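For reference, the chains in residue letters:
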Amino acid sequence: MIAFLADDEDQLHTYDDLTKVNPVTPTTVLRCLQARYDMKVFYTHAGCTLVALNPFRPVPDLYSLDMMTGYHCTPKLKESKPHIFIVAEEAYRNVKGQLAPVDQSLVVSGESGAGKTWTSRCLMKYYATVAASPSVLESQGTVERIERRVLDSNPIMEAFGNACTLRNNNSSRFGKYIQLQLDRCQLLVGASVQTYLLEKTRVACQPPDERNFHIFYQMIKEASEAQRKEWHVPPGHRFVWLPNADKSIQEDSFHETVDAMVHMGIDNGRRGQIFRVLAGILHLGNVEFCVSADESQPCTVKEQSKDSLQKAAQLLQMAAEELQTCLSVRTLKAGKHSVHKPCSQAECCVRRDCLAKVIYARLFEWLVTFINNSICAHESAWCNFIGVLDVYGFECFQINNLEQLCINYANEKLQQHFVTHYLRAQQEEYVSEGLQWSFVKYQDNQSCLDLLEGSPISVFSLLDEESRLNRASDAKVLSVRLEKELSDNGSIGWDKFSTVPHFTVGHYAGKVTYRIQGMVEKNKDPVAPEIIGILQRSDNPLLRRIFASKEAETSQSKGLSKVTVVSKFKNSLESLMSILHATTPHYTRCIKPNSDCKPSIFKKEEVITQLEACGIVETIHISAAGFPIRIPFKCFMQRYGVILKYFNFHSQTPHHAQAASDNDVLLQEVQKVLDLVLQHQAHEMKSEAKSLVHLGRTKVFLTHSMLDLLEDDRKKILSKCAFSIQCCWRRYQRRRRRQRRHSATLIQAAVRSWLVRRRIQRWDRAASLIQISWRKWRALLKSLAEAELDNAEDLTPEAGPEPKPVIGELGSVRLSTLQEPVTVRGWPLGLAMASAPCVTVSLTATGFQKMKSVVASLKLPSRRGEYKVETNQNMQGVASIRAQPKGSVKLHCQRSPLLYADRHPELRNGVTGFNEILLEKTL
C-alpha cells in the first residue's frame, strides 16, 4: 500500500471513482479524498454512491445553468466528472427510460453540517430547470409558476424549520421528503412535501451557544418601522427566547422569506397574521411568574413582565386576564365536575412553554399544508415522481434528549435501508443466483435497531409504556427498567459512576449518551384542554383556523394513552421506508471535512470516522467486484428483445416466441441477445465478457459498461426502425401530395375553361342584345326622318338672327368663351359617338323652326378642360322639325359597351365612332 501511494502520489486527485483505487483500504480512500479536496474537487464516485465533501464556501460556476445543461445533454453520463447533477440526471433518465421501478428516490445522508440541505436545494433547482422545459408556448406560464413555487417552498420551510446549531449555521430541525411529480412527458407538474418531527422544543429552550429558528431573527433584524410598531418590538429590545441575536448568518434574510411567501400565494393579510403570532410568541417568552406565598392562590406575573403579557395577549388577540388565568390555573375533571387548581411557578413556566410550542408546531403544519395545496398536482396530472430526502444528520451533543434519540433513530433507519438494499441484499442475491462470490464484511446496525424499536421489549416500547401510565414520571425508575430488560443487548451501556439517569447507545456513527430526565414528559407531549380552548377563542383568524379541529383537541385531551411522540414518529418513518423500498434509490454521502465548518481544512480523524460509519469502503469493495444492475429475464427481454427480433428479421430466420413463464427458454433468449451485442464489440471486449455480465437463475447481472452497450445497440436499432418508418411515411406523404397536386391541376383547368366559356357566352349575348337594340333604334330614327322630310313643304323658315361670322367661317365654338346661348343646328340622328365625353349645350329656338333634336355626330376632344364643338349644320343645311327644344339639354356620352366585347384586339385600326360599330358587326 505504501508503494502504491508513493508511485501515484501525484495522480491521486485524478481518481474520480474510488473503485479504481488499488488496494481499497480506509487509508487509500482517505488519501484520495484529501488530494481531491486540496485540488478543490469536492465530488467523487464510490461505486453506487456519490461522496460529497462540504467546501464551506461558495464555489463559482459549480452549480450554474451552463453546468446543468452540460450534464443534462451529455450522451455518456458515466464519462462525465463526478457531480451531484450526475445523480440527478441518472434518476431523471431512469424515469424517461421507464426502467422498473420507475419512481426514484435520492437519499442524501451525512452528519449535521455536512451539506445535506444545500445538496437537496441543488437537486430541486436542477429538476425545476431541466424538467420544466415546455414545448408549448401557452403552457410556459403555468410551468414557470410551478417551478417558481417549488423552489420558493425551500426558503419558507428553512426559515421556519432550520436553526443555527453548534455544528451547522443552517441545521434542519425537521425531516422532509419532497416528491417532484412528473407527467407522461417527464415535465414537472407539481410537488408535495412530507415532514417528520419538527423540533418544537427549540422555540422555548435553546441549547447553549445555539439559536432559535431563523424566522424570529429575520423578523427582528430586517423589520420595517411600521412592522416594529405593529409587533411592539422597538430597536434594541431583548427577548429571552432569542439568544445570540447579535450573530449574523447568511440565512437571516427576511425579505427573501417574504418574497417566497408572496410567490407561494400567501396574501398580505395572512402574512400579517402569521408575523403577529410569531411576535406574540416572542413576547410570551419574556413573561415570568412570582412564587406564590399561598398555595391556594395562583402565581402572579412579575411586575416587569406585565407589559410583555399585555403585548403577547394583544398580538395573539385574546384577553390578557384570560391568558394569565390559563397559564396559572389548571382545570381538573372529576366525573362531570371541574376543579380549578393553582399551578406552581415551575408548572406555570411549563404551561407557558407548552402554549408557545403548540402554536408554533400547528403554524408550521399549516404552512406545510398550504405549500402542498399550492404546488401539488392532481393525481390524474402526474404518473411518476422523483423523491428527495433531506433529514437531520446524526447528532451527538453534551446533553442529548428525546429529540436527539429520534433524530439518530431516523439515521439508523436510513443506514439500514442502505445496508439492506445494497450491502447485504446484493451479496445474498449473488449467492442465490449462483454467482461465485465471497462475502464482504460490513457493519450491520440491525442490533441497534432491535434495541430501539424491537419487539416485544425495546427502548421505545418501555418509554411508551411509562408514558401511558397515569402517574408522574420518574427517571430513575425508567433507568432501572431499561437496564433490567435490555442489558443483554450489546448496543446499550451505562456509566456506573454517573449519578444522572442515562443510557448509552452504540450507533453506527458512534456512541451517544442520552439523559432520561424529562424524556417521558416530552414523549407524552401533553397540551392542557384550557390552552386549546383559549386559542380557539382567539380573535386571530389564523389561530382559530388551525385550532378549530375538534378531532385534534380530542386526540390531545383523551388520546394521551395512545399517541406519543415516539409512536407517531415510528409510524411516519415506516411509511417513508415503504416508499424508499418501492423506488430506485440513489445515495449521496455528504462528508464534513472539519467540525469547525471552515474552508480548506481537512481533518483526517473526523473524515475517516464518517467513512467507516457509513460503510464507504465496503461499498467500494462490493461495487468494484459485483454487478450493480440486476434485471429479471422477463423485464430484460421486454426491453432488449428488440435486438434479437431485429437481427432475426434481417437474417430471415424464423423466431418462435415461447411462453414467458418458461425460464429455460427465457434464459436462451437472453443469452442470444447478449451474444449478439458482444459479437459486435472489439476483441478485448469479448475477452472481458464474463466480467461485464453474468446470467443467474432468474436475473441478468450487469455492470454499467455492459448496460451502456445494450442501451447503445437498442438505441441504434430503434433509430433504424424510426428511420424506416420516417422513410415510408415521407414517401406516402410525397405520393399523396403529388396526387393532390395533379387532381388540383385538373380541377383548376376544368374550372378555368368553364369560366372562359361562360364569359364568352355572356359577351355574345350582350353583343347580340346591343346589336338588336341598335338596329331597332336606327330603324325608328330612319322612319321619323323620312316622315319629317315628307312634310317639309308645309314648313316655312322663321326669320332669325344670322349666325355669327366666326361660327359660319370656322364651324366651331369654344364653349368656355361664349357669353350667351348659341344657336346650333345639328344632324337629326341623335347618336353619341363612343369616344365623346359628357357635354352640356345650351340651345335657343329661332323663328318658326324650334329645334328639338340635339347635336349629332359630335367629336369633342379634351383640351385641358376646354371643348371644341364641330357641327354639320353649315355643311348639310338640314334641320329637324320634330320638336322644339326648351331650355338646357344634358347629353351623357359614354363609351360603347361593344368595346368590351371585342374578341379580336389584334384587328384594331384607326376606325372609330359609328363606322367602328358597323365594322365590328360585319366581323
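The rules behind each value
- Residues numbered from 1 in each chain as written.
- Predicted model: local features only at pLDDT ≥ 70, side-chain atom pairs only at ≥ 80, totals over all residues.
- Heavy atoms only, no water.
- Salt bridge = Lys/Arg side-chain N within 4 Å of Asp/Glu carboxyl O.
- Helix = DSSP H or I, 4+ residues; strand = E, 2+ residues; numbered from the N terminus.
- Buried < 20%, exposed > 50% of the residue type's maximum accessible area, 1.4 Å probe, protein only.
- Pairing = 2+ DSSP bridges.
- Axes fitted to C-alpha atoms, helices over the stretch in contact; angles between N-to-C directions.
- Contact = heavy atoms within 4.5 Å.
- Phe/Tyr/Trp six-rings, centres within 6.5 Å; stacked < 30°, edge-to-face > 60°.
- Lys NZ or Arg CZ within 6 Å of the ring centre and 35° of its normal.
- Arc of directions from axis to C-beta.
- Patch = residues over 30% accessible without salt bridge, like charges linked within 9 Å, V, L, I, M, F, W, Y side chains within 5 Å.
- Areas by Shrake-Rupley, 256 points an atom, 1.4 Å probe, with all protein chains shown as cover.
- Disulfide = S-S within 2.5 Å.

**Student:** Teacher, can you tell me more about the pattern of salt bridges here?
**Tutor:** Any two side chains of opposite charge can pair, on the condition that their charged atoms come close. For the coordinates displayed, the defined rule picks out 29 salt bridges. One salt bridge connects Arg276 with Glu230, and the closest N-O pair in it is separated by 2.6 Å. Here Arg276 is found in helix 10 (residues 268-285), whereas its partner Glu230 is found in helix 8 (residues 225-231), with 46 residues between them in sequence. On the accessibility criterion, Glu230 (35% relative accessible area) is partly exposed.

**Student:** I'm lost on the sheet that holds strand 14 (residues 584-591) in this one. Help?
**Tutor:** Where strands meet in a sheet, backbone hydrogen bonds hold them as pairs that are either parallel or antiparallel. The seven strands are arranged 1-2-14-3-10-6-7 in an open sheet whose pairing can be described as mixed. For this open sheet the edge positions go to strand 1 (43-46) and strand 7 (188-196), each flanked by a neighbour on one side alone. The sheet shows a mean angle of 20 degrees between the axes of neighbouring strands, taken without regard to direction. Of the pairings in the sheet, the one linking strand 2 (residues 49-53) to strand 14 comprises five bridges and is parallel in character. Across the sheet, residue Ala52 finds its bridge partner in strand 14, namely Cys590. Packing of helix 5 (residues 116-130) onto the sheet brings it into contact with strand 3 (104-110), strand 6 (175-182), strand 7, strand 10 (384-390) and strand 14, and relative to strand 3 it is tilted by some 155 degrees.

**Student:** How should the packing of aromatic side chains be read in this particular structure?
**Tutor:** What characterises a pair of aromatic rings is the spacing of the ring centres plus the angle enclosed by the ring planes. Under the definition given, this model contains 23 aromatic pairs. Ring centres 6.3 Å apart and planes at 50 degrees place the aromatic pair Tyr92 and Tyr127 in the tilted group. Of this pair, Tyr92 sits in helix 4 (residues 84-97) while Tyr127 sits in helix 5, and the two are 35 residues apart along the sequence. Relative to Tyr508, the ring of Phe394 lies with its centre 5.9 Å away and its plane at 70 degrees, an arrangement referred to as edge-to-face. Taken together, the residues Phe394 in the loop between strand 10 and helix 14 (402-432) and Tyr508 in the loop between strand 12 (502-507) and strand 13 (510-515) connect sequence positions 114 residues apart. Among the aromatic residues, ring-to-ring pairing joins Tyr63, Tyr71, Phe85, Tyr92, Trp118, Tyr126 and Tyr127 into one connected group. Lying across the ring of Tyr217, Arg211 places its NZ or CZ 3.9 Å from the centre.

**Student:** Looking at this model, I keep getting lost on helix 15 (residues 446-453). Mind explaining?
**Tutor:** In an α-helix there are 3.6 residues to a turn, and that puts residues three or four apart on one side. Of all the residues in helix 15, the buried ones are Cys448, Leu449, Leu451 and Leu452. Mapping the buried residues of helix 15 onto a view down its axis gives an arc of 155 degrees, with all of them on the same face.

**Student:** Whenever I open this one, a nonpolar patch on the surface confuses me. Can you help?
**Tutor:** A contiguous nonpolar surface patch, about 370 Å² in accessible area, is contributed by Ile747, Val751, Trp754 and Leu755. The topology assignment puts Ile747 in helix 29 (residues 704-790).

**Student:** Teacher, can you tell me more about the sheet that holds strand 15 (residues 629-632) here?
**Tutor:** Taking strand neighbours across the sheet as the criterion, the three strands line up as 15-17-16 in an open arrangement whose pairing is antiparallel. Looking at which strands have only one partner, the edges of the open sheet turn out to be strand 15 and strand 16 (693-695). The mean angle between the axes of side-by-side strands here comes to 20 degrees, regardless of whether they run parallel or antiparallel. Sheet analysis places strand 15 next to strand 17 (residues 699-702), joined by four bridges and oriented antiparallel. Counted as the bridge partner of Arg630 is Phe701 from strand 17.

**Student:** Explain the state of the cysteines here, please?
**Tutor:** When the sulfur atoms of two cysteines share a covalent bond, that bond is a disulfide. Scanning the entire structure with this criterion turns up zero disulfides. Summary of cysteine pairing: Cys727 is not part of a disulfide, and the nearest cysteine sulfur, belonging to Cys728, is at 6.8 Å. Judged by its relative accessible area of 29%, Cys727 falls in the partly exposed class.

**Student:** How should unusual backbone geometry be read in this particular structure?
**Tutor:** With the exception of glycine, the majority of residues adopt a negative phi angle, and the majority of peptide bonds are in the trans configuration. For the bond running from Ser455 to Pro456, omega is 5 degrees, close enough to zero to count as cis. In this structure, Asp525 is a non-glycine residue whose phi angle is positive, near 50 degrees. Mapping Asp525 onto the fold places it in the loop between helix 18 (519-524) and helix 19 (529-536).

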